[in-house]
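# Summary of structural features
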Amino acid sequence: MHGKDDFKMNRGVRKWVDKDGEKFLRRIGVSRGQKVLDFGCGPGHYTIPAAKLVGDRGKVYAFDKDSDALRELEETAKQFGLNNISLIKGDTKIPLGNNSIDIVLCYDVVHYSGKRALVYNEVRRLLRDGGIFSLYPKHYKDDFPLMELASLGLEDIIKEVEVSGFTLKDKIHGECLHDDYYNECVVLNFEPVDKRQK
Ligand SMILES: C[S@@+](CC[C@H](N)C(=O)[O-])C[C@H]1O[C@@H](n2cnc3c(N)ncnc32)[C@H](O)[C@@H]1O
C-alpha cells in the first residue's frame, strides 16, 4: 500500500482521494458492488474514490481520450492497490454493452463538446433502467464560463439532457474537487426515461 510520500498530487487532491471524494460520491449514489463509468475520467480524481466505494465486487470503467491522463490514473490506482478499475481509451463511443452500467459520472467534461447529444445518447445506451447519469457541468454561464457551455445556464443544460431521454432526479449542492482545488458545485443526477417504453 502507499506511504505518505508516494504521491505526486497536491495536498487538496490527496485529501479528496483519501476521504472527501468517497463521502461526496456516496451522496451522489455510488455504493458497494456497482458498475460505474467515469466518462472523461482525466487523472482519476473521481475514479479512485469510486473504486474504493464499489469494492472488489464492483467495477469502475475509466474512459478518456487522453492517454497521458489514463497513464497517470493507472499509476495512482497501483499506489492505492486498486484492482477494480478498467481503463478505456476512446472518444465518446465506449465499447461496453447496452444497459450494463449502474452509474455514469460525467464531471467537468461536457464543456469540451459541441456535440453533447452524442455523449448523452451514449450514456443512455449504457445505463440500465433506473441507473443514474450524474453530470457535473462546469464552465456554464454562472460558473466560470468557457468553451461550449459559456452561454448556457443550468436550466438550459437540464433541458438539453432531458431532450436526450432523461429526467432530472436530484440537484446535489456541495463542495467538490475541480482540477486540483475544492469549489462549490452543483451536480445533476438524471435517470433515463423508462427504457422499456422506448
Ligand atoms: C477537465 S478534465 C475532468 C477530469 C475528471 N472528470 C475530473 O473531474 O477530475 C476533462 C476530461 O474529459 C476528457 N474528455 C472530454 N471529452 C471527451 C470525450 N468526448 N471522450 C472521451 N474523453 C473526453 C478530456 O480528455 C479530459 O481528460
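As a reminder, the structure under discussion sits directly above these lines.
An account of the accompanying structure is given in this report. Worth saying up front: this structure is predicted, and the values here are computed from it rather than measured. (Residues numbered from 1 in each chain as written. Predicted model: local features only at pLDDT ≥ 70, side-chain atom pairs only at ≥ 80, totals over all residues. Heavy atoms only, no water.)

## Things to note about the overall build of the protein
Our working rule: In DSSP terms, a helix is any run of H or I states spanning at least four residues, a strand is any run of E spanning at least two, and both are numbered starting from the N terminus. With the radius of gyration taken over C-alpha atoms, the globule rule is written as 2.2 Å times the number of residues to the power 0.38. The buried label applies to any residue whose accessible area, calculated with a 1.4 Å probe on protein chains only, is under 20% of its type's maximum; exposed applies above 50%, and partly exposed to all values in between.
Assigned secondary structure in the protein consists of five helices and seven strands. When the elements of the protein are put in sequence order from the N terminus, they spell out α-β-α-β-α-β-β-α-β-α-β-β. On C-alpha atoms alone, the protein measures out to a radius of gyration of 16 Å, which is about the 16 Å that the 2.2 N^0.38 rule sets for 198 residues. Overall, the protein is about 50 × 35 × 30 Å in size when its C-alpha atoms are taken along their principal axes. Burial status across the protein gives 54% buried among its 198 residues.

## A word on the pairing of strand 7 (residues 181–192)
Residues in a regular strand project their side chains so that they alternate between the two faces of the sheet. Cut-off, in case you're wondering: In this description, strands pair whenever DSSP reports at least two bridges between them.
Bridge count for strand 5 (residues 127–136) against strand 7 is three bridges, and the pairing is antiparallel. Within strand 7, the position partnered with F133 by the bridge is F190. Sheet topology note: the strand 6 (residues 166–178)/strand 7 ladder contains twelve bridges and is antiparallel. Paired with F166 across the bridge in strand 7 is P192. The antiparallel hairpin formed by strand 6 and strand 7 contains two residues in its connecting segment, where D179 sits at a positive phi of about 50 degrees.

## Quick look at the pattern of salt bridges
Pairing between side chains of opposite charge can happen when their charged atoms approach one another. Stated precisely, the cut-off is as follows: The rule for a salt bridge is simple: a side-chain nitrogen of Lys or Arg has to be within 4 Å of a carboxyl oxygen of Asp or Glu.
Using the criterion set out here, one finds ten salt bridges in the structure. When the shortest N-O distance is used, the salt bridge between D20 and K15 registers 2.8 Å. For D20, a relative accessible area of 13% translates into the label buried. Within the structure, one salt-bridge network assembled from shared partners comprises K93, E122 and R125.

## Section: the site of the ligand
Applied cut-off: Residue proximity to a molecule or strand is established when one non-hydrogen atom of the residue lies within 4 Å of it. Whenever two N or O atoms come within 3.5 Å, that pair is a polar contact, provided that in protein one can donate a hydrogen and the other can accept it, and provided that, for residues adjacent in sequence, both atoms are side-chain atoms. Here the open area of atoms and residues is found with the Shrake-Rupley method and a 1.4 Å probe, where only the protein chains shown may cover a residue. Ten residues, namely Ala, Val, Leu, Ile, Met, Phe, Trp, Tyr, Cys and Pro, are considered nonpolar, four, namely Asp, Glu, Lys and Arg, are considered charged, and the remaining ones, Gly among them, are considered polar.
Inspection of the region around the ligand gives 15 residues, with G40, D64, D91, T92 and Y107 positioned closest. Between a nitrogen atom of the ligand and a side-chain N or O atom of T92, the distance comes to 3.0 Å. At a separation of 2.8 Å, a nitrogen atom of the ligand approaches a polar backbone atom of Y107. The fraction of the free accessible surface of the ligand (600 Å²) that becomes covered by protein chains is 90%. The residue inventory of the shell around the ligand, partitioned by class, reads six nonpolar, four polar and five charged.

## Here we look at the packing of aromatic side chains
Using the following cut-off: Under the pairing criterion, centres of Phe, Tyr and Trp rings, with the six-membered ring standing for Trp, must be within 6.5 Å; the plane angle then separates stacked pairs below 30 degrees from edge-to-face pairs above 60, leaving the rest tilted.
Enumeration over the complete set of coordinates arrives at ten aromatic pairs. Between Y46 and Y107 the ring centres are 4.7 Å apart and the planes differ by 90 degrees, which places this aromatic pair in the edge-to-face class. Here the residue Y46 occupies a position in the loop between strand 1 (35–39) and helix 2 (47–54), and Y107 occupies one in strand 4 (residues 101–107), the gap between them amounting to 61 residues. For Y107, a relative accessible area of 6% puts it in the buried group. An aromatic cluster is present here, built from W16, F24, Y46, Y107, Y136 and Y182 joined pairwise through their rings.

## Here we look at the packing of helix 1 (residues 11–28) against helix 2
Counted only if it meets this: To define axes, lines are fitted to C-alpha atoms, for helices over the stretch in contact only, and angles between the resulting N-to-C directions are given on a 0 to 180 degree scale. Note on angle classes: values under 35 degrees are labelled roughly parallel, values over 145 roughly antiparallel, values of 65 to 115 roughly perpendicular, and the remainder oblique. In a left-handed crossing the near helix is turned counterclockwise from the far helix by less than a right angle, and in a right-handed crossing that turn is clockwise. Contacts are residue-level and defined by heavy atoms, with any inter-residue pair within 4.5 Å sufficient.
It is the contact of helix 1 with helix 2, at a shortest axis distance of 8 Å, that shows an interaxial angle of 70 degrees. One way to sum up the angle between helix 1 and helix 2 is to call them roughly perpendicular. Between helix 1 and helix 2 lies a crossing of right-handed hand. Contacts between helix 1 and helix 2 involve W16, V17, D18, G21, E22, L25 and R26 from the former and I48, P49, A50, K52 and L53 from the latter.

## Thoughts on helix 3 (residues 67–79)
Which entries qualify depends on this criterion: For a helix, the expected span equals 1.5 Å multiplied by the number of residues minus one.
For helix 3, with 13 residues, the first-to-last C-alpha span of 19 Å sits near the 18 Å given by 1.5 Å per residue. Buried within helix 3 are the following residues: A69, L70, L73, T76, A77 and Q79. Elements that come into contact with the buried residues of helix 3 comprise helix 2, strand 2 (59–64) and strand 3 (85–89). For helix 3, the side-chain oxygen to backbone nitrogen distance between the N-cap and D68 is 2.9 Å, and the N-cap itself is D66. Trailing helix 3 by a residue or two, G81 shows a phi angle of about 70 degrees, which is positive.

Any functional reading would require information beyond the geometric quantities listed.
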